[in-house]
Amino acid sequence: MKKFILKFFNSMNTENSIVEFTGLHNMDLTDWWTSTFTDQERSIIYQKFYPNFCDMLGNRNRSIFTENNFAIEDEAIIPFMENLSTYMRNHDDIASKIFLKFLDISKNDPICDSELLSTSKDYKNWFILRQLILYNIKNFNQLGVKRVSFSDGNYENAIDECKGLSGKQFGLGESIIVEHWKKYKPTCRCVLLPEIEEGLLVD
Ligand SMILES: [Zn+2]
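Residues numbered from 1 in each chain as written. Predicted model: local features only at pLDDT ≥ 70, side-chain atom pairs only at ≥ 80, totals over all residues. Heavy atoms only, no water.

Engineer: Explanation requested: empty space enclosed by the protein in the structure shown.
Structural biologist: Using a probe with the size of a water molecule, rolled over the atoms, empty space left in the structure can be pinpointed. For the structure shown, the criterion picks out 1 cavity of 30 Å³ or more. The calculated volume of the largest cavity comes to roughly 30 Å³. When residues of the lining of the largest cavity are assigned to their parent elements, the largest contribution, 3 residues, is made by helix 4 (residues 77–87). The residue inventory of the lining of the largest cavity, partitioned by class, reads 5 nonpolar, 3 polar and no charged. (1 Å grid on protein atoms, 1.4 Å probe; cavity = no way out; pocket = protein on both sides within 12 Å on 5 of 7 lines; lining within 4 Å. Points joined across faces, edges and corners; volume = space filled by probe spheres on them. Helix = DSSP H or I, 4+ residues; strand = E, 2+ residues; numbered from the N terminus. Nonpolar A, V, L, I, M, F, W, Y, C, P; charged D, E, K, R; others polar.)

Engineer: Explain helix 3 (residues 39–48) here, please?
Structural biologist: For an α-helix the count is 3.6 residues per turn, leaving residues at separations of three or four pointing the same way. Buried residues of helix 3: Glu41, Arg42, Ser43, Ile45 and Tyr46, and no others. Contacts made by the buried residues of helix 3 are with helix 2 (30–36), helix 4 and helix 5 (92–106). (Buried < 20%, exposed > 50% of the residue type's maximum accessible area, 1.4 Å probe, protein only. Contact = heavy atoms within 4.5 Å.)

Engineer: I keep staring at the nonpolar core and nothing clicks. Help me out?
Structural biologist: In globular proteins that are soluble, nonpolar side chains generally tend to be buried together. Judged by nonpolar contacts, the single largest core of 48 residues is most densely connected at Phe65, Phe70 and Met81. Of all elements in the fold, only helix 2, helix 3, helix 4, helix 5, helix 7 (121–143), strand 3 (147–151) and helix 8 (160–165) reach the threshold of two or more residues within this core. Element by element, the count of residues in this core is highest for helix 7, at 8 residues. Shared between two domains, this core holds at least three residues of each, these being domain 1 (27–108) and domain 2 (117–195). Apart from the residues lying within four places of it in its own chain, the contact partners of Met81 are Leu29, Trp32, Phe70, Ile98, Lys101, Phe102 and Ile105. (Core = buried A, V, L, I, M, F, W, Y, C linked by side-chain atoms within 4.5 Å. Domains from an automatic or database assignment.)

Engineer: Would you explain the coordination of the zinc ion in this entry?
Structural biologist: Each donor-metal-donor angle would ideally measure 109.5 degrees in four-coordinate tetrahedral geometry, or 90 or 180 degrees in six-coordinate octahedral geometry. Coordination of the zinc ion by the protein is provided by Cys162 (SG), His180 (NE2), Cys188 (SG) and Cys190 (SG), with metal-donor distances spanning 2.1 to 2.3 Å. Sequence spacing among the residues donating to the zinc ion works out to C-x17-H-x7-C-x1-C. Within this pair, whereas Cys162 is found in helix 8, its partner Cys190 is found in the loop between helix 9 (175–180) and strand 5 (191–195), the two being separated by 28 residues in sequence. The exposure class assigned to Cys190 is buried, which follows from its relative accessible area of 0%. (Donors = N, O, S within 2.8 Å, 3.2 Å for Na, K, Ca; no water.)

Engineer: Could you clarify how one ought to interpret the pattern of salt bridges in this entry?
Structural biologist: When charged atoms on two side chains of opposite charge get close, those side chains can pair. One pass over the full model with this rule turns up 8 salt bridges. Close ionic contact of Asp104 with Lys101 constitutes a salt bridge, the shortest N to O distance being 3.6 Å. Of this pair, Asp104 and Lys101 both sit in helix 5, 3 residues apart, which is roughly one turn of that helix. A relative accessible area of 38% places Asp104 in the partly exposed class. For Asp104, the salt bridge is made with Lys107, and the minimal N-O distance between the two is 3.9 Å. (Salt bridge = Lys/Arg side-chain N within 4 Å of Asp/Glu carboxyl O.)

Engineer: Mind showing me how you'd approach the sheet that holds strand 5 here?
Structural biologist: Note on sheets: strands pair through backbone hydrogen bonds, and any given pair is parallel or antiparallel. In space, the 3 strands of this open sheet follow the order 4-3-5, with antiparallel pairing throughout. The sheet is open, and its two borders are formed by strand 4 (169–171) and strand 5, each paired with just one other strand. Taken over all neighbouring pairs, the strand axes of this sheet differ in orientation by 40° on average, direction set aside. Pairing of strand 3 with strand 4 involves 3 bridges; the strand directions are antiparallel. Looking at strand 4, one finds that Val148 is bridged to Phe170. Relative to strand 5, helix 7 is tilted by about 10°, and along the sheet it contacts strand 3 and strand 5. (Pairing = 2+ DSSP bridges. Axes fitted to C-alpha atoms, helices over the stretch in contact; angles between N-to-C directions.)

Engineer: Is there a simple way to explain the side chain of Glu82 in this structure?
Structural biologist: Looking at where Glu82 falls in the secondary structure, it is placed in helix 4. You can call Glu82 buried: its relative accessible area is 13%. At 3.0 Å, the side chain of Glu82 and the side chain of Lys124 are in polar contact. Filtering out sequence-adjacent residues up to four positions away, Glu82 remains in contact with Phe102, Lys124 and Ile128. (Polar contact = N/O pair within 3.5 Å; in protein donor to acceptor, adjacent residues only side chain to side chain.)

Engineer: What should I look at first to understand the packing of aromatic side chains in this one?
Structural biologist: Aromatic ring pairs are defined here through the distance separating the ring centres and the angle between the ring planes. With the rule as written, the count across this model stands at 20 aromatic pairs. Arranged with centres 5.7 Å apart and planes meeting at 70°, the rings of Trp32 and Phe70 form a pair that is edge-to-face. Of this pair, Trp32 sits in helix 2 while Phe70 sits in the loop between helix 3 and strand 2 (71–72), placing them 38 residues apart in sequence. For the pair Trp32 and Phe70, a shared accessibility class is recorded, and that class is buried. Ring centres 6.0 Å apart and planes at 15° place the aromatic pair Tyr123 and Phe127 in the stacked group. Here Tyr123 and its partner Phe127 are both found in helix 7, 4 residues apart, which amounts to about one turn of the helix. Like Tyr123, the residue Phe127 is buried in the burial classification. Aromatic rings pair up to connect Trp32, Trp33, Phe37, Tyr46, Phe49, Phe65, Phe70, Phe80 and Tyr87 into one cluster. (Phe/Tyr/Trp six-rings, centres within 6.5 Å; stacked < 30°, edge-to-face > 60°.)

Shown next as structure tokens:
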């Protein structure tokens, strides 16, 4: 009987890990966009947001959103919204509306502490780093990266857990990776570096 119960709980855990939050990367916010801002405001934001015109290599050819369309595709949406509100900081009213939407969208992450997110800069920075890591993991997976290594960024205030992981390699699917960004660690600056296998990116 004990064995059965143990098995039962193990299977429940497995199911939970399947629905684990892996980041928000696609979201159509056009309704919010058009109902929250006037034509003029949308035009200001569109022209002001320089990365709108850049791809990852800095080439000016890609638009994340336009004046009439805010269907975001393949972006780390939570960090993107925070970044956009920072860009608009000289327009208080616009910046705070975007920041409110950032807080609202962040609630999609089950571990999000909304109170801390709106009051603590350290928590906000950590939370955004967490979203970027989840986005990186998705991209590594798409690129066929099989192994990654931790780097604590040589940050001297990093806790022992981070320092201990730094330089160590893991398979991309190993649970230790996502686990590391589940619990708030104020001084965690860890990043994941892809272990590029020979020939992988030569195509
Ligand atoms: Zn860390």
